[in-house]
Amino acid sequence: MDQSLATDLNKAAFGPDFHWGVSTAAFQIEGAAETDGKGLSVWDVFASRKNKIKNGHRPGDACNFYHQYADDIGLMAELNIPNFRFSLSWSRLLPAGVGAVNPKGIDYYNRVIDTLLEKGITPWVTLYHWDLPHALEQRGGWTHRDIVSWFSEYTALCAQHYGDRVKHFMVMNEPSVFTGAGYFLGVHAPGRRGLSNYLKAIHHSTLATATGANILRAALPKAQIGTTFSCTHLEPYTHSPSHIRATQRVDTLLNRTFIEPLLGLGYPIADFSVLKKIEKYIQPDDYDKMAFDFDFIGIQCYTREIVKASLWTPYIGASIVKASQRKVPHTLMNWEVYPEAIYEMIKKFSAYPQIKKLIVTENGAAFPDVWQSGAVNDVKRTEYLQGYLKEVLRAKREGHKTDGYFVWTLTDNFEWAEGFHPRFGLVHVDFETQQRTVKNSGLWYRDFLK
Ligand code: BGC
């Protein structure tokens, strides 16, 4: 590590226009699954099934953000957090996904947005963070091409109600994860499996992202419109050609397949032949409909993975050598702590000339939190954030597009199929009492942002 980077790690070093914040998602924090007219989402249904969530956890009230939003926003203000990235629950606004609007849902996000603005915090809204209305899943969900028009209706509604105050929108959160885990592997909601479900979901989510972005741009010409992707720095297990080729396939699928069509480059079929099968779902004028000139792109990077060729893994022919097997420092998610990963990913995405601004819209870590004399002394999380931020600064100093950084996440919350065990928050939540305690990492971020 360049010594000057270590000593320069202060907010000013990133420049006055850099966007700082925290990120979260409706389903992970709100609770109130059936309150005030909300319809069920695929996650409400999936999480109620047996053996889908680790340790038998149920999302229940999550962090009760639905009722405690004002206090949590007050806490954010105390922590000097200037930007809050959160998602809207589609089924709270449109309980059946389309058709009848739920006025209480509309009003809820009006109150959240107004409270943020009163506290001087800028709302950054994600339209879709994985909680599809269950009623739409029953009609085929992301495998059904009509989802593009269902999503359009939802997007137009959000623009109509919130566009007067919200100036930063992200259309989608990590399509690679909700399609891969939810429609190919079946380990996330809605729990579907198989290549054809997966490929249809990929294509329809790509079309919906561009279509949604166009709707936002037409309705709100002054808004900043972005979308977010997960990305992982990949390295081959050894320099053998088979591991190198396997790494390229995984890179194509995870880091390129979702963004490239949206940038007007089409699906990277030439570098991963299985993707050729997606062509049967593509209609002639889809190529034009798939691209959009985004104001910013969000990338979400947590780790590096080491890839091995594997004859036994269908389609991709590759497997991951987990961090615990490699005996390297890792988080509770078994993700290696590897700060250079974020530098590599900024560099990689910044190289696309079509990307105007690049913001790290998520980065953070889950560790076993230790209470010491009434405080959560989460040294590892603070070190993780500092280590990754130094690499963000390095990328910025080298001239790569680097325009913001959002910590995942404000409060400990419901970590999808992992349940409540992995805690990512800057703020500890006692899920029995809903008591909040700012962790030492939160105090560090507060002072950093001062
Ligand atoms: C997702 C979040 C998730 C976080 C940590 C991202 O993939 O957008 O919802 O909680 O990573 O796993």
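Now for a look at the structure at hand. Note that this is a predicted model, so its numbers are computed, not measured.

Comments concerning the overall build of the protein
If you tally the helices and strands in the protein, you get 16 helices and 13 strands. Expected size for 450 residues packed as a compact globule is a radius of gyration near 22 Å; at 21 Å, the protein falls within 12% of this value. Expressed as a percentage of its 450 residues, the buried residues of the protein come to 61%. The contacts in the protein between residues at least 6 apart in sequence include a share of 76% that link residues at least 24 apart. With the model as given, the accessible surface of the protein reaches about 17200 Å², and the carbon-plus-sulfur share is 52%. One finds the centroid of the 49 positive side-chain charges in the protein at a distance of 5 Å from the centroid of its 47 negative side-chain charges.

Observations regarding the nonpolar core
Among the nonpolar cores identified, the biggest contains 138 residues, and Leu88, Trp142, Tyr405 and Tyr445 are the most heavily contacted of them. At ten residues, helix α10 (residues 195-219) tops the list of elements feeding residues into this core. Contact partners of Tyr405, with chain neighbours within four places excluded, come to Phe18, His19, Trp20, Gly21, Ile342, Ile359, Val360, Asn363, Leu385, Leu389, Val392 and Tyr445. Counting five residues, the second-largest nonpolar core is a separate cluster that includes Trp124, Met170, Phe296 and Ile359.

Section: the layout of surface pockets
Approximately 1500 Å³ is the volume found for the largest pocket. Surrounding the largest pocket, 49 residues form its lining, Ser176, Val177, Ala181, Leu185 and Leu254 being those nearest its centre. If you list the elements that add at least two residues to the lining of the largest pocket, you get α9 (175-184), α10, β5 (224-236), α11 (241-256), β6 (296-309) and β7 (318-321). Looking at the lining of the largest pocket, the element that brings in the most residues is α9, giving five residues. Broken down by class, the residue content of the lining of the largest pocket amounts to 29 nonpolar, 14 polar and six charged.

Here's the deal with empty space enclosed by the protein
For the structure on display, the rule yields four cavities of 30 Å³ or more. In this structure, the largest cavity encloses a volume near 50 Å³. As for the largest cavity, its lining consists of Val42, Trp43, Tyr128, Trp130, Phe178, Tyr183, His188, Ala189 and Pro190. For the lining of the largest cavity, the secondary-structure elements that each account for two or more residues are α3 (42-48) and α9. Taken together, the residues of the lining of the largest cavity break down into eight nonpolar, one polar and no charged.

Side note on the packing of helix α4 (residues 65-78) against helix α6 (residues 103-118)
Running from amino to carboxyl end, α4 crosses α6 at an angle of 10°, the nearest separation of the two axes being 9 Å. One element, α4, and the other, α6, form an angle in the roughly parallel class. From α4, Phe65, Tyr66, Tyr69, Ala70, Ile73 and Met76 reach across to α6, where they touch Lys104, Tyr108, Arg111, Val112, Thr115 and Leu116. For the contact of α4 with α6, the residue count by class is nine nonpolar, one polar and two charged.

Details of the site of the ligand
Neighbouring residues of the ligand: 14 residues in total, closest Gln28, His129, Glu174, Glu362 and Glu415. Side-chain polar atom of Glu174 to an oxygen atom of the ligand: 2.5 Å apart, as the coordinates give it. Between the ligand and Glu415 there is a distance of 2.6 Å, counted from an oxygen atom to a side-chain nitrogen or oxygen. Coverage of the ligand by the protein chains reaches 95% of its 310 Å² of free accessible surface. Applying the majority rule of atoms within 2 Å of the grid points places the ligand in the largest pocket.

Focus: the pairing of strand β3 (residues 122-128)
Counting buried residues along β3, six of its seven residues qualify, which places the element largely inside the surrounding structure. Sheet analysis places strand β2 (residues 83-87) next to β3, joined by five bridges and oriented parallel. Residue pairing in the sheet places Arg85 in a bridge with Trp124 of β3. Direction of pairing for β3 relative to strand β4 (residues 168-173): parallel, over a ladder of four bridges. Across the sheet, residue Tyr128 finds its bridge partner in β4, namely Met172.

A few points about the packing of aromatic side chains
Per the stated rule, a full pass over the model turns up 41 aromatic pairs. A centroid spacing of 6.1 Å and a plane angle of 85° characterise the contact between Trp90 and Tyr128, whose relative ring orientation is edge-to-face. Residue Trp90 is found in helix α5 (residues 90-93), and its partner Tyr128 is found in strand β3; the two are separated by 38 residues along the sequence. Judged by centre distance (4.6 Å) and plane angle (40°), the rings of Trp130 and Trp416 are tilted. Here Trp130 is found in the loop between β3 and α7 (134-137), whereas its partner Trp416 is found in the loop between β11 (404-408) and β12 (427-430), with 286 residues between them in sequence. Neither residue differs from the other here; Trp130 and Trp416 are each classed as buried. The rings of Phe27, Trp43, Phe46, Trp130, Phe414, Trp416, Phe420 and Phe431 are connected pair by pair, giving a single aromatic cluster. Above the plane of the ring of Tyr108 lies Arg92, whose end atom (NZ or CZ) is 5.6 Å from the centre. Stacked on the ring of Tyr237, the Lys or Arg Lys308 has its end atom at 4.5 Å from the ring centre.

Definitions and cut-offs
- By convention here, each chain's residues receive numbers from 1 onward along its written sequence.
- Per-residue local features of the predicted model are confined to residues with pLDDT of at least 70, and side-chain atom pairs are confined, for both listing and counting, to 80 or more; whole-chain, interface and lining totals are unaffected and use all residues.
- Side-chain calculation: all heavy atoms of the structure are included, whereas hydrogens and water are not.
- Starting at the N terminus, helices and strands are each numbered in turn, a helix being any DSSP run of H or I of at least four residues and a strand any DSSP run of E of at least two.
- Both definitions apply: the radius of gyration is a C-alpha atom measure, and the globule rule equals 2.2 Å times residues to the power 0.38.
- Three labels apply to residues, based on accessible area from a 1.4 Å probe with only protein chains included: buried if under 20% of the type maximum, exposed if over 50%, partly exposed otherwise in between.
- The contact definition used throughout considers only heavy atoms, calling two residues in contact when any of these lie within 4.5 Å.
- Accessible surface area values rest on a Shrake-Rupley calculation with a 1.4 Å probe, where residue burial reflects the displayed protein chains alone.
- Think of it this way: Lys and Arg go in the positive column, Asp and Glu in the negative one, and His and the chain ends go nowhere.
- Here the site of a charge means NZ on Lys, CZ on Arg, CG on Asp, or CD on Glu.
- Among the buried residues, those of types Ala, Val, Leu, Ile, Met, Phe, Trp, Tyr and Cys that are joined through side-chain atoms within 4.5 Å form a nonpolar core.
- The rule is simple: put a 1 Å grid over the protein atoms alone, call a set of points where a 1.4 Å probe fits but cannot get out a cavity, call an open set with protein on both sides within 12 Å along at least five of seven lines a pocket, and count a residue as lining if it has an atom within 4 Å of a point.
- Grid points are joined across faces, edges and corners, and a volume is the space filled by probe spheres set on the points.
- Under the grouping applied here, Gly and all other residues not named as nonpolar or charged are polar, the nonpolar ones being Ala, Val, Leu, Ile, Met, Phe, Trp, Tyr, Cys and Pro and the charged ones Asp, Glu, Lys and Arg.
- Note on method: axes are straight lines fitted to C-alpha atoms, helices fitted across the in-contact stretch only, with angles between N-to-C directions ranging 0 to 180 degrees.
- Geometric relationships in this document are graded by angle, where less than 35 degrees denotes roughly parallel, more than 145 denotes roughly antiparallel, 65 to 115 denotes roughly perpendicular, and other angles denote oblique.
- Think of it this way: one heavy atom of a residue within 4 Å of a molecule or strand is enough to make that residue near it.
- Under this definition, polar contacts are N or O atom pairs within 3.5 Å; protein pairs additionally need one hydrogen-donor-capable and one acceptor-capable atom, and for neighbouring residues in sequence, both atoms have to be side-chain atoms.
- A molecule is said to be in a cavity or pocket once over half of its atoms fall within 2 Å of that pocket's grid points.
- Any two strands between which DSSP finds at least two bridges are classified as paired.
- A pair of Phe, Tyr and Trp rings is counted when the ring centres sit within 6.5 Å of each other, with Trp represented by its six-membered ring. The angle between the planes then sorts it: under 30 degrees is stacked, over 60 is edge-to-face, the rest tilted.
- Charge over a ring is defined by NZ of Lys or CZ of Arg lying within 6 Å of the ring centre and within 35 degrees of the ring normal.

Function-wise, these values are silent; they only describe arrangement.
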